[in-house]
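Each chain, letter by letter, is given below.
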Amino acid sequence: GQQLNQSPQSMFIQEGEDVSMNCTSSSIFNTWLWYKQDPGEGPVLLIALYKAGELTSNGRLTAQFGITRKDSFLNISASIPSDVGIYFCAGKETSGSRLTFGEGTQLTVNP
Amino acid sequence: GAVVSQHPSWVICKSGTSVKIECRSLDFQATTMFWYRQFPKQSLMLMATSNEGSKATYEQGVEKDKFLINHASLTLSTLTVTSAHPEDSSFYICSAELTGGETQYFGPGTRLLVL
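Residues numbered from 1 in each chain as written. Chains lettered and ligands numbered in written order. Predicted model: local features only at pLDDT ≥ 70, side-chain atom pairs only at ≥ 80, totals over all residues. Heavy atoms only, no water.

A. Here's a closer look at the overall build of chain A. Along the backbone of chain A there are 0 helices and 11 strands. The order of α-helices and β-strands along chain A, N terminus first, is β-β-β-β-β-β-β-β-β-β-β. Expected size for 111 residues packed as a compact globule is a radius of gyration near 13 Å; at 13 Å, chain A falls within 12% of this value. In terms of overall dimensions, chain A has a C-alpha envelope of 45 × 30 × 20 Å along the principal axes. Among the 111 residues that make up chain A, the fraction classed as buried is 41%. Of the contacts formed within chain A by residues at least 6 apart in sequence, a portion of 54% connects residues at least 24 apart. Accessible surface, chain A as shown: approximately 5,100 Å² in total, 49% of it carbon and sulfur. (Helix = DSSP H or I, 4+ residues; strand = E, 2+ residues; numbered from the N terminus. Rg over C-alpha atoms; globule rule 2.2 N^0.38 Å. Buried < 20%, exposed > 50% of the residue type's maximum accessible area, 1.4 Å probe, protein only. Contact = heavy atoms within 4.5 Å. Areas by Shrake-Rupley, 256 points an atom, 1.4 Å probe, with all protein chains shown as cover.)

This is the structure we're talking about:
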């Protein structure tokens, strides 16, 4: 299936720093979702975006649905150790319910 | 709200046996459920889409006779790995979509190890 280009693949940051990651696609998506996955667990929904240009926050997390509907970014402000994990973007095409996932961004936060 | 459970959380079985994994939406009804497979350090791979009361739609390369999916109610879907082999060892994750919704909620996953 189609893949999203998610970058960066990994990030090593100090506690307190801000983080930014993004996803781009060659196709238009109707919905963008951002998930976090801890080791041995299923992905947990962080933010859902439904409209082009939409900017949504969830605590220290902020995500935006790109105007072209082909990209999205996720920002984490003032990172803390529990932010460690793998972050996935996922896009939902207009034609159906299936999600297309990015390859994930592995985040490491050093105390 | 929007809690999805999976059972069992992990299972070890002998090669050649069958294993059933349950996925339940605990506090909402899900017309559509999805089954994914994830290998270490990789993203989620969609295996099949399961719609309540109808046959599942399998992704290309996924054997429908090996991975049997049943979605008998709006809150339960099951995945049965038949005649499991060591190469079937993986992390299996289900997700459920609110009826009429746009968001998928994931279960905690099931770790399968086939000896």
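Once you've had a look at it, read on.
B. Seen up close, the layout of surface pockets. The volume enclosed by the largest pocket comes to roughly 530 Å³. A:Ile86, A:Gln106, B:Pro40, B:Lys41 and B:Gln42 are the residues nearest the centre of the largest pocket, which is lined by 22 residues in total. For the lining of the largest pocket, the secondary structure elements donating two or more residues are strand 9 (85-93) and strand 11 (105-110) of chain A. The biggest single contributor to the lining of the largest pocket is strand 9 of chain A, with 3 residues. Class assignment of the residues belonging to the lining of the largest pocket gives a composition of 7 nonpolar, 10 polar and 5 charged. (1 Å grid on protein atoms, 1.4 Å probe; cavity = no way out; pocket = protein on both sides within 12 Å on 5 of 7 lines; lining within 4 Å. Points joined across faces, edges and corners; volume = space filled by probe spheres on them. Nonpolar A, V, L, I, M, F, W, Y, C, P; charged D, E, K, R; others polar.)

C. Structural view of a nonpolar patch on the surface. Residue and element names in this part refer to chain B. On the surface, Trp10, Ile12, Leu113 and Leu115 cluster together into a nonpolar patch covering about 450 Å² of accessible area. Mapped onto the secondary structure, Leu113 falls in strand 11 (residues 110-114). Given the relative accessible area of 39%, Leu113 is considered partly exposed. (Patch = residues over 30% accessible without salt bridge, like charges linked within 9 Å, V, L, I, M, F, W, Y side chains within 5 Å. Salt bridge = Lys/Arg side-chain N within 4 Å of Asp/Glu carboxyl O.)

D. Layout of the nonpolar core. Ranked by internal contacts, the top residues of the largest apolar core, which has 24 residues, are B:Val4, B:Trp35, B:Leu79, B:Tyr92 and B:Leu112. Residue assignment for this core shows that the elements contributing at least two residues are strand 2 (10-13), strand 3 (19-25), strand 4 (30-38), strand 5 (45-51), strand 7 (67-73), strand 8 (76-81), strand 9 (90-98) and strand 11 of chain B. What B:Leu79 contacts, discounting residues up to four positions off in sequence, is B:Val19, B:Lys20, B:Ile21, B:Trp35, B:Phe67, B:Leu68, B:Ile69 and B:Tyr92. A:Leu46, A:Leu74, A:Cys89 and A:Leu107 belong to the second largest nonpolar core, which has 21 residues in total. (Core = buried A, V, L, I, M, F, W, Y, C linked by side-chain atoms within 4.5 Å.)

E. The pairing of strand 11 of chain A, seen in detail. Residue and element names in this part refer to chain A. Here strand 11 shows one buried face, formed by Thr105, Leu107 and Val109, and one open face, formed by Gln106, Thr108 and Asn110. Relative to strand 11, strand 2 (residues 10-14) runs parallel, the two sharing 5 bridges. Note that in strand 11 the partner of Gln14 across the bridge is Asn110. The pairing of strand 9 with strand 11 spans 3 bridges and is antiparallel. Each residue of the ladder has a partner; that of Ile86, found in strand 11, is Gln106. (Pairing = 2+ DSSP bridges.)

In short, the description is geometric, and any link to function would need to be established separately.
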